[in-house]
Structures are given as structure tokens and as C-alpha cells.
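The lines below spell out each chain.
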Amino acid sequence: MSDLIKIFVAAFLINNIILMRFIALCSYIGMTSDVGQSVGMGLAVTFVTVMASAVTWPIYYWILKPNGLEFLEILVFIVVIAALVQLVEFYLKKSVPTLYHAMGIYLPLITTNCAILAVTFDQITNNYNFVQSIVFSVAVSLGYLLAMLLLAGVRQRLKNSPIPAFMMDTPILFLTTSLIAVAFMGFAGLIK
Amino acid sequence: MKRLFGVFVNGLIVENPLFVIMIGLCSSMAVTTTVANGIGMGVALTFVLVMSELIISLFRNLIPESIRMPIFLIVIAAFTTIMDLEMKAYFPVLSKSMGVFIPLVVVNCIIMGRVEAFSSKQPVADSVVDGLGMGLGYTWVLIALAVVRELLGNGTLLGRQIMPSSFAPMIFLILPPGGFLVFALWMAASNDLRRKLLAGKKPEPTQDNCCTLRENGSAEKA
Amino acid sequence: MKRRQMIKLGLILAVYTIVGCVGLAFVYNSTSKTIAQRQEADLQAGLREVFPKATGFTPTDTVKSTNPNIVFDAAYTADGPSGSLGIAVKVHGPSYGGPTTLIVGVSTDGTITGVKVLENKDTPGLGANAESSTYYVDKATKTTFPGQFAGKKLTDGFVVKKDVIAITSATITSRSITNLVQVVGKAASEVLGIGGSSPSPSSQGPSAVLPSADTVRTSSKAATSSVPGVSILETSVGTKAGTIVGASAKAKAKSYDGEVTVLVGVSTDGTILGVQILECTDSQGSPILAPEFAQQFAGKKAGAPLEVGTNIDAVSGATFSSRGATALVKATADALVKALAGGGL
């Protein structure tokens, strides 16, 4: 149990996927101009990441590895994730329209979201077992959601703040992110 | 010839993927702790970009519109794997230090974006030149970031000690927050320059089609 | 969409996929040999670095890891011109940013011959300095972090920031590497038959935790603990001028992710006389072996609650192991009090 908690805390805060590992920055900048949007995107990513993790783990250990096909990892994973996103979109549209309206529109952006693919590769590199992989994927995607929400909150205030002309637009966002990241470095001591 | 040169400069500066269109950001900060990594990543991405653009441009008439996305993904993933394997075989040290960012090239928005917007419609020569321009445009920004971070953060350049031994390295710049800071400053400088060059003319709003929703709220990508 | 159209699209997609996969298979075939050769060359270079005088390395499978999180990938005996020089182990275990892989060499006389970092995924600029050949923990002698282990005796202490110089701002990386080295050292010394791999206070025996006794003998009746998971290994009785003044027991229980073994001495009036932490196989649990931690227990009443955070201070960086050890000390002390009261020792 304690190793799961350790994995969770490390992936959620200490090695936060956006602030500490720079993964999924495109959507971090692109989708945080509105708090609602950032939460929708964060939840959609969480949903797909956990599913992708649950699907790619067995594929790797039961199909690719026993047949010596590890080199197809990148190709298979990206195709599986793309297909998965399509399926989820179809399913939500037909069966759960309310959920579809909440996060369906973000799904097409997710195929090329680095976070999901990074999680599926990391769980293999870190030799996680199935349960550890799932915990890891939940933690990473919640970390993603947290970072998105933090920047979206700051951006609301930035809209009405006097910003030096040369820092306007994106540079100030990265500067803000740098400061948030400094704060996150403080989490490093959370696990021994 | 002039046209090709225009395409090349477009990627290198005018529509620089990192500073102007702002796509493919992830790897740009993660690997730029040393100049060697920056160059390695730049070359790796350029290779995948040029090869994917070449192949897709060659076969652009044989790719049905409705299934173009899966085909693009397969082509890009194949070249990423090739690059990954070659790196492991011939540049093991670089490959190790870049870790997960090598396979992540497959979802680098620069590649998907250029393939979709450019080479699926343009002739082969233009596509290759576009790939080179965009790839090098990406590479020089990585080098610019890495030079600052490695020189000030570690006192070295390409692993050689440059700063006098009395210089205390600013480790902060190598750490993640430092990456964001250096990028923010470089970007501010680049924007400032662009604003001065385009004085009077309002710059075209460049919209990346990879990570943001369209105005009407529908997603760009299928 | 017409069915015919669907099939056509499916076939086109299949063709692209198959061409892609076959192409990759060819590239993989041509590169996999080079990759394997590279890894083998890296391994050989690493082995040579820790045993420069060896004439060859023979794989062996006798060396076993004592911690489930620390995996020995391969172990070799280093062959010299006149017999074995020692053992080299390729080992990987968890660190800050992912698994770390090392080669550790242990000579037949119980000295660490060298440590080579093969792979480390920790933060660039901090933890990653473990791998750097230009990052010195001791600038005067140009000693790198793994370099400081060369020549270290297995009987020396392995506490980071005390016996081992840590990498600046990367205590966790320093600890996990030190722990890997220590686990290899312990396993290798068992195979090499050196023994006494850690500064084992058990050599002083139960008398160390029964200072008031003049003679200590093995008890005729073993103490038993009612706490599940705690196994009491040996029980001893301390006497002074013929009367029993206290009893001690060596006990073992599961801790964070390994096991902890303690030696506890209790007087007849139920006061803890002394505690020694004999062994801790937790990853990064080694700091609790420091005597400062065990000393806190002396003088505490066995009946009173012992709790990390209230009356016992955890060793920083090893909170979980501190808790595990404290719980075990408490259980053992209780068992001893019961045994002393029961008589017949």
C-alpha cells in the first residue's frame, strides 16, 4: 500500500507532469484561458489517460513483449490511443450526452496530448505492475488537472493586471509558470 | 528557387514553431539542460519531420481524406521508432539522457501540424524544404535556450568548462522553473523584436491547430 | 458510408500499417545487434572500471538481493591471475525520478572496489550529478559521488551526510545510491564469506542492552509476542549475582518495504534498558541504524505508549522505517515484560 501512496504523491506533486517535466505544455498554454475549459480538458485527459493506461499495459506485457515486438511500442500505443479516443467519443455522444457536452469537445485534441502517451511509456520504463500503473496514471492526470487549474486561476487575474509591454501575452504565462514551479519544488521533500 | 527559400525562412523565423506558433513546447524545455541534448533533440525532430513530410507529400494523392489522420500517425510513429532505435544504437548517451522525450516526438504538434497543413497539399520539394526550415527553426531555439541554461547553470558549454572556477553556477536555471524562466525571457525578446520589425502592421494572428479550440468552440482536429 | 467504401478504406489503412511494421522490423533487426553490443560494451567497461586488474568476469547466480525493490540484474566473479578478486553486481533500484542502475564491485577482503552509475533519471543539475564525471563531492581530491565509495570497507558506516558525502540538494538520490551499494555489499559479503558486513552491534550480544547485568545467558523459555507479524528470534536473561535483573530479545518484523531486526533489553521493573537496531532492509531505511535513534528508547517504560512523533523522534528521511522499528521495539518490550512476569526464564 505504501508504495502506491509513494507513486501517487511522486507523480501528482513532486514530478508534476507539467510543472516539473514540461510534458503537455501545448494544452497547458492553449486551454487555460478559461477556468471551465481548463477543468473540462483536465477531466477529459484524466478519463482517457486512465483508460489508455489500462489498455496499453496488457497489450505490452501480453502481446508485444512475449512476441519480441517491443520495437512497435510507439506505433501501437499511439494508434491504440487514437482509436480509444474515437471510441470514447462515439460512446459518449450516443449514450451519455450530458458528459459528452461537458468534455466531448476536448476529446479530439487529446489524441496528440503528450501527457497520455508519456504515461503509457513511463509505466513500462518504470516496470510498474498493473495496479501501480493505474495509480500512476490517475496521479499524473490529476497533477495535470491541478496545474491547468492553477494557471487558469492566475490567468483570470492577469487579464486585468498591468503587465510590462515586452512581457505581454505568452512570456508572462511562462514567467508565472516558473514561479508556480518554484513552489512545486518544495514538494520534493514529501517522500524520502 | 526563390519560392523554396521563402518556405525555408518561413519555418526558420517567420512562423518559427516555438516562438511564433508555440507548438512542440514540451521537449524544448525538458531537454535543454545541456547544449548537446538540445542539438540531439533538434536533429532527431528534424529527421522525423523531413522524412514524414517527404513520404506524405509523395503519397498525398493516395491518402483518402477520411482516414488521413490515422495514416499520418502511422507514418510519423514509424519514423519516430526508426529514429529512436538509431539513437539507441549509435548515440546511447544522448538517447538515455533524453529518455521519454524521444518517443514523445510522435505527438509533437510541429510534425502533425506541418504534415496536415503543408505537405498533404504541397509538392515534394516544398515539403522537404518546409521540414528542414521548421526543423532548424526548432533546433536553433533549443540551442539558444540550452546555451543560456548550460553556461549559467553549470558553467560549461558542450561539457567543456567555460566559466572561471570562481563562478558559482546558478543551478536554478537547470531546474524546471529555470527552464520556464529562460523560455519566457527568450520569447519576450523575440516578441519584442517582431513587434519592432512589424511596426505599424498588425501581425497575422497565428493559430496553432493542435492544442486550442476554434473560435466557434468546435475542435480543429478529427 | 457504403460497405464497399469502408472495406476499401480499411484495406488502405492495413496496407500502410503493414508496410510500416515490416519497415520497422528491418530497422529493428539491423539496430538490435548494435544496441545489444553497446549495452554489453557498457557493462564490460563498467565491470573493468570497478575491477581494473581482473582478467575476466564469470557470471554467477549465487548473489541474492535481500530487498524486493532492489533487483540484481547480473552478478559476476572477477577472476584474477591467482583466483577470484571479488564480486561485481549490476543492480537497479528505485530513486527519485525512476530506476537507477549501478555496477558495484566488492573485493574478497570486504572493500568496495568501485561504483559506476550506468543509468540515472534524476533531476538534471541535482540528482543527475551522480552520473557526472565532473561533479565532485570533494573538490580538493576530485572525488565524484560514486567515486567516494571506492576503498570503503563494508564494515564502515553508510549513513548519508555522515559517512557518505551527499550530492548538494539531492539527498534522496544520494541515499538511494548508497542504499543500493550497501545491499550489494551485504549480499556479496555473504557469498564471499566475509561476514560482519555492517557495523553489527550484535557481536556485542544481548549484554549491550542489559548494562546492569553481570552475566547473560540464553533463556530456557522464549518470550512470545501477541502482536501479529512480530517474530522473536532469541531470548536472553541477564542476572546480577544470581538474581534476574532483566531480559532481552532479538525480534524481527516487516517494516516499510523490507524487514527490521532489533535487540531490546527490559529490566524487571519494566523499564527499557537499551535498544539496538540490528538490521533494516528497507530501501533508504539505513539511517535508523544510527545509534542516536536507538538511544531514545533507553529509560522509557515498556508499558507506556511509544510513538514516533510524540515521544520518539523519527530519523529524517526514514519516517516509515522509524515507525516500523518503534512498533517492533514496543511489541518486543511488551513480550519481555510478560515473560519476566510469568517467570521460569
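As a convention, each chain's residues are numbered from 1 in the sequence order in which they are written. Chain letters and ligand numbers both follow the written order, the letters beginning at A and the numbers at 1. Side-chain atom pairs in this predicted model are given and counted only at pLDDT of 80 or more, local residue features only at pLDDT of at least 70, and totals for whole chains, interfaces and linings cover all residues.

(A) Region of the structure containing the overall build of chain C. By the criteria applied, helices consist of DSSP H or I runs no shorter than four residues and strands consist of E runs no shorter than two, each listed in order from the N terminus. Helix and strand content of chain C: four helices and 12 strands. Just to be clear, the radius of gyration here is over C-alpha atoms, and the globule rule we use is 2.2 Å times residues to the power 0.38. Here the C-alpha atoms of chain C give a radius of gyration of 26 Å, more than 25% beyond the 20 Å that 2.2 N^0.38 yields for 345 residues. Judged by the C-alpha coordinates and their principal axes, chain C covers about 95 × 65 × 35 Å. By residue count, 49% of the 345 residues in chain C fall in the buried class. We call two residues in contact if the C-beta atoms placed from their backbones are at most 7 Å apart. Expressed as a percentage of contacts within chain C between residues at least 6 apart in sequence, the contacts between residues at least 24 apart total 57%. Here a residue counts as buried when 20 or more other C-beta atoms fall within 10 Å of its C-beta, as exposed when 12 or fewer do, and as partly exposed in between; the C-beta atoms come from the backbone.

(B) Quick peek at the pairing of strand E11 (residues 259-267) of chain C. Residue and element names in this part refer to chain C. Most of E11 sits inside the fold, with eight of its nine residues counted as buried. Pairing between two strands is assigned when DSSP locates at least 2 bridges connecting them. The sheet contact formed by strand E10 (residues 243-254) and E11 spans nine bridges and is antiparallel. By the bridge assignment, alanine 249 is partnered in E11 with valine 264. Here E10 folds back onto E11, and the loop between the two strands holds four residues. As paired strands, E11 and strand E12 (residues 272-280) are joined by seven bridges and run antiparallel to one another.

(C) Examining the interface of chain A and chain B more closely. Taken residue by residue, the interface counts 40 residues in chain A and 43 residues in chain B. Listing elements by their share of the side of chain A that touches chain B, those giving two or more residues are helix H2 (25-30), helix H4 (73-95), helix H6 (107-110), helix H7 (114-125) and helix H9 (170-185) of chain A. At nine residues, the largest contribution of residues to the side of chain A that touches chain B is made by H9(A). A breakdown of the residues in the side of chain A that touches chain B according to their chemical character gives 30 nonpolar, seven polar and three charged. In this classification, the charged set is Asp, Glu, Lys and Arg, the nonpolar set is Ala, Val, Leu, Ile, Met, Phe, Trp, Tyr, Cys and Pro, and all remaining amino acids, among them Gly, are polar.

(D) Representation of the UniProt feature "modified residue: FMN phosphoryl threonine" (unreviewed entry) in chain C. All names here are of chain C. UniProt positions are given in the numbering used here, feature names are shortened, and annotations may be inferred rather than shown by experiment. Per the UniProt record, the feature "modified residue: FMN phosphoryl threonine" (unreviewed entry) sits at Thr171. On the secondary structure map, threonine 171 appears in helix H2 (residues 171-192). According to the C-beta neighbour criterion, threonine 171 is buried, with 21 such atoms within 10 Å. With residues up to four places along the chain from it excluded, the contact list for threonine 171 reads Val160, Ala166 and Gly317.

(E) Layout of the UniProt feature "domain: FMN-binding" (unreviewed entry) in chain C. Mapped onto this structure's residue numbering, the UniProt feature "domain: FMN-binding" (unreviewed entry) falls at residues 95-188 and 255-336 of chain C. With 28% helix and 22% strand, residues 255-336 of chain C has its two end C-alpha atoms placed 21 Å apart.

(F) The interface of chain A and chain C, seen in detail. Listed by partner, the interface residues are 10 residues for chain A and 15 residues for chain C. In terms of residue class, the side of chain A that touches chain C is built from three nonpolar, five polar and two charged.

(G) Main features of the UniProt feature "transmembrane region" (unreviewed entry) in chain A. On the UniProt side, "transmembrane region" (unreviewed entry) is annotated at positions that read residues 7-31, 43-64, 71-92, 98-121, 133-152 and 172-191 of chain A here. For residues 43-64 of chain A, the end-to-end C-alpha separation is 30 Å, with 100% helix and 0% strand making up the annotated structure.

(H) Inspection of the nonpolar core at higher detail. Counting residues in hydrophobic clusters, the biggest one holds 137 residues, and the most contacted among them are Ala24(A) and Ala115(A). No other element matches helix H5 (residues 68-90) of chain B, which puts 14 residues into this core. Those residues in contact with Ala24(A) that sit more than four places away from it in its chain are Ile17(A), Ile18(A), Asn113(A), Cys114(A), Ala115(A), Tyr144(A) and Cys26(B). Among the nonpolar cores identified, the runner-up in size contains 43 residues, and Ala249(C), Val275(C), Ile277(C) and Leu328(C) belong to it. By our criterion, buried Ala, Val, Leu, Ile, Met, Phe, Trp, Tyr and Cys residues that link up through C-beta atoms within 7 Å make up a nonpolar core.

(I) Highlighting the environment of Phe22(A). Topologically, Phe22(A) is positioned in the loop between helix H1 (2-14) and H2. Separated by 93 residues in sequence, Phe22(A) and Ala115(A) have C-alpha atoms that sit 9.6 Å apart. Every residue in contact with Phe22(A), bar those within four places of it in the chain, is listed here: Cys26(B), Met29(B), Ala30(B), Pro176(B) and Gly179(B).

(J) Seen up close, unusual backbone geometry. Residues and elements named next belong to chain A. A positive phi angle, close to 65°, is found at alanine 24, a residue other than glycine. As for its placement among the helices and strands, alanine 24 is situated in the loop between H1 and H2. Phi at aspartate 169 takes a positive value of approximately 65°, unusual for a residue other than glycine. With 11 C-beta atoms counted inside 10 Å, the residue aspartate 169 sits in the exposed group.

(K) Representation of the packing of helix H8 (residues 130-158) of chain A against H9(A) within the structure. All names here are of chain A. One way to put it is that H8 packs onto H9 with a least axis distance of 11 Å and a crossing angle of 130°. Taken as axis vectors, H8 and H9 run oblique relative to one another. Between H8 and H9 lies a crossing of right-handed hand. Judged by residue contacts, Leu150, Leu151, Val154 and Leu158 of H8 engage Ile172, Thr176, Thr177 and Ile180 from H9. Residues of the contact of H8 with H9, tallied by class, amount to six nonpolar, two polar and no charged. Between N-to-C directions, angles span 0 to 180 degrees; the directions come from axes that are lines fitted to C-alpha atoms, helices contributing only their stretch in contact. With respect to orientation, any angle under 35 degrees is reported as roughly parallel, any angle over 145 as roughly antiparallel, any angle of 65 to 115 as roughly perpendicular, and every other angle as oblique. Left-handed describes a crossing whose near helix is turned anticlockwise from the far helix through less than a right angle; right-handed describes the clockwise counterpart.

(L) Local environment of the confidence of the model for chain C. All names here are of chain C. One confidence number per residue, pLDDT, is output by the predictor and ranges from 0 to 100. Here chain C shows a mean pLDDT of 82. Residues at 70 or above account for 96%. Taken together, the stretch residues 196-203 has pLDDT below 50 and engages in 15 contacts with residues farther than four places along the chain or on a different chain. The complex prediction reports pTM at 0.74, with the ipTM value standing at 0.89.

(M) Focus on the domain arrangement of chain C. Residues and elements named next belong to chain C. Segmentation of the chain into domains, including their bounds, is taken from an automatic or database domain assignment. Taken as a whole, chain C is organised into domain 1 (50-192) and domain 2 (201-342). Facing 14 residues of domain 1, the contacting portion of domain 2 comprises nine residues. Of all the secondary-structure elements, those providing two or more residues to the side of domain 1 that touches domain 2 are strand E3 (83-94) and H2. No other element matches the five residues that H2 contributes to the side of domain 1 that touches domain 2.

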